[in-house]
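Understanding the architecture of this molecule
One letter stands for each residue in the lines below.
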Amino acid sequence: MTLDGAGGSRGYVLGKTAVSSTCVGLTGSPKVRSDSDLTSMQLNYNHLYYFHVAAIEGTVAAAAVRLGVTAATVSEQLRTLERSIGIDLFERTQTGLKLTDTGRLTLEHTSGMFRLGER
């Protein structure tokens, strides 16, 4: 399966091994996530929904209030999502969260997903 990302980056899922062309080491070789890496970080609906709410709200604290959970819970969900895909979705600043290019693309997709789910 081929996954297209921001700026033409591509990722691939080969069996249970994910390869992202945006995560290239100094040698120019793509970093490969092993089966054990993927199975230890199972993603679920909450990871995407918490990302979506945090992106809209602009801060972890505001997202936590909207979701009715602690800021630590939101932060952990976001970090797990980012670690599992190997790409930062946010730049964390003192004033809040700023979406990266990949984060903006992801928000477009989650917006469509959650809009369809409301119908």
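Residues numbered from 1 in each chain as written. Predicted model: local features only at pLDDT ≥ 70, side-chain atom pairs only at ≥ 80, totals over all residues. Heavy atoms only, no water.

Notes on the confidence of the model for the protein chain
As a reminder of what qualifies: As a per-residue measure, pLDDT reflects the predictor's confidence and takes values from 0 up to 100. Contact definition: two residues touch when any of their heavy atoms are within 4.5 Å.
When pLDDT is averaged along the protein chain, the result is 76; 65% of the residues meet or exceed 70. Predicted confidence is poor over residues 1-33, with pLDDT under 50, and the contacts of this stretch with residues over four places away or in other chains come to 66 contacts.

A few points about helix 2 (residues 45-57)
Heads up, the rule is: A run of H or I in DSSP counts as a helix once it spans at least four residues, and a run of E counts as a strand once it spans at least two, with each numbered from the N terminus. Helix span is expected to be 1.5 Å times the residue number reduced by one. Two N or O atoms count as a polar contact when they lie within 3.5 Å, although within protein this holds only if one can serve as hydrogen donor and the other as acceptor, and sequence-adjacent residues are included solely when both atoms are side-chain atoms.
Given a rise of 1.5 Å per residue, 13 residues ought to cover 18 Å, and the 18 Å separating the end C-alpha atoms of helix 2 matches this to within 8%. Lining the buried residues of helix 2 we find helix 3 (60-67), helix 4 (71-85), strand 5 (90-93), strand 6 (96-99) and helix 5 (101-117). Residue Asn44 occupies the N-cap position of helix 2, its side-chain oxygen lying 2.8 Å from the main-chain nitrogen of Asn46. Downstream of helix 2 by one or two residues, Gly58 has phi in the positive range, about 90°.

Describing the packing of aromatic side chains
For clarity, the cut-off: Two rings from Phe, Tyr or Trp (for Trp, the six-membered ring) form a pair when their centres are within 6.5 Å of each other. A pair whose planes differ by under 30 degrees is stacked, one over 60 is edge-to-face, and the rest are tilted. Accessibility here uses a 1.4 Å probe with only protein chains present; expressed as a share of the type maximum, an area under 20% marks a residue as buried, one over 50% as exposed, and anything in between as partly exposed.
Per the counting criterion, the structure on display carries 4 aromatic pairs. Seen from their ring centres, Tyr45 and Tyr49 are 5.7 Å apart, and the 10° between their planes marks the pair as stacked. With Tyr45 and Tyr49 both in helix 2 and 4 residues apart, this pair spans about one turn of that helix. Assessed through its relative accessible area of 25%, Tyr49 is described here as partly exposed. For the pair Phe51 and Phe90, a centre-to-centre distance of 5.4 Å together with 45° between the ring planes defines the contact as tilted. Of this pair, Phe51 sits in helix 2 while Phe90 is found in strand 5, placing the two residues 39 residues apart along the sequence. Residue Phe90 is classed as buried on the basis of its relative accessible area, which comes to 4%. Site record: aromatic cluster; members linked through ring pairs are Tyr45, Tyr49 and Phe114.

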